[in-house]
Amino acid sequence: HKLWKGLGLAAVIYGATFLLGAALGSKDTIQPLRGVFTAGAVAGQAAERASFRKIKTIADLDRELASARAAGKPVMLDFYADWCTYCKQMERQTFSDPKVAGLMSEMTLLQADVTRQDDADKALQDHIGIPAPPAMIFWTPGGEEIRHLRLLGFKGPEPFAQHLNEALSF
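Quantities reported herein were computed from a predicted structural model and do not represent experimental measurements.

*Asks:* So what exactly am I meant to see when it comes to the overall build of the chain here?
*Replies:* Check the secondary structure of the chain and you find seven helices and five strands. Helices and strands appear in the chain in the N-to-C order α-α-β-α-β-α-α-β-α-β-β-α. Reported as C-alpha extents along the three principal axes, the dimensions of the chain are approximately 65 × 35 × 25 Å. The 170 residues of the chain split such that 37% are buried. Within the chain, contacts between residues at least 6 apart in sequence are counted, and of these 65% link residues at least 24 apart. Accessible area for the chain stands at about 9,400 Å²; split by element, carbon and sulfur atoms hold 60% of it. The positive charge centre, built from 19 side chains, and the negative charge centre, built from 19, are 7 Å apart in the chain.

Listed below in structure tokens is the structure:
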């Protein structure tokens, strides 16, 4: 009887923290209050998200690639979805790493949020040729895709930094 009461209490507490985290803008289901009460963490997350230019369609991608080509900057396209646990892990662990963030600042960063999987999302995924997020696609400053550097799935900070160094060497 005490075991069930204890489990019930734990579920109520977790539910309350989950609701509080959701009300304060957290999307993390495992640690719903992570970064909610520290202004620096929230500001860091906002700055991190602001560095990605959002795209939705193939036309958006073509426009952004042309703009980056004109500026002579390499491009990284990140396919993301809210339901993708590895995408969230990439944001939390990899993209927030100072070394990775420094390397990414040298690139034009695009992000396609394919959470809804509507027709535009599917068309963009088919156009690039990726089955599901997370996926990172890289282009040279001249606008050529670096096909052998395509990444599917999670990469930790150190291997991802090595990958970015290789992408920046073109």
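*Asks:* Before we go on, may I ask you to explain the state of the cysteines in this structure?
*Replies:* In a disulfide, the sulfur atoms of two cysteines are held together by a covalent bond. For the structure on display, the rule yields one disulfide. The disulfide bridge from Cys-84 ends at Cys-87, spanning 2.5 Å between sulfur atoms. Across the S-S bond of Cys-84 and Cys-87 the torsion is about 85°, and the bridge reads as right-handed. Among the residues examined, Cys-84 registers a relative accessible area of 5% and is labelled buried. On the accessibility criterion, Cys-87 (4% relative accessible area) is buried.

Reading the values: rules and limits
- Think of each chain on its own: its residues are numbered from 1, step by step along the sequence as written.
- Only residues with pLDDT of at least 70 get local features here, since the model is predicted, and only at 80 or more are side-chain atom pairs given and counted; chain-wide, interface and lining totals rely on the full set of residues.
- Hydrogens and water molecules were not included; the side-chain quantities draw on all heavy atoms of the structure.
- Helix numbers and strand numbers start at the N terminus; a helix is a DSSP run of H or I with at least 4 residues, a strand a run of E with at least 2.
- The buried label applies to any residue whose accessible area, calculated with a 1.4 Å probe on protein chains only, is under 20% of its type's maximum; exposed applies above 50%, and partly exposed to all values in between.
- The contact definition used throughout considers only heavy atoms, calling two residues in contact when any of these lie within 4.5 Å.
- Using a 1.4 Å probe, the Shrake-Rupley method yields the accessible areas, and only the shown protein chains count as cover for residues.
- Note that His is not counted, nor are the chain ends; the positive residues are Lys and Arg, and the negative ones are Asp and Glu.
- All charge positions are set by atom: Lys at NZ, Arg at CZ, Asp at CG, Glu at CD.
- Note on disulfides: each one is a pair of cysteine sulfur atoms within 2.5 Å.

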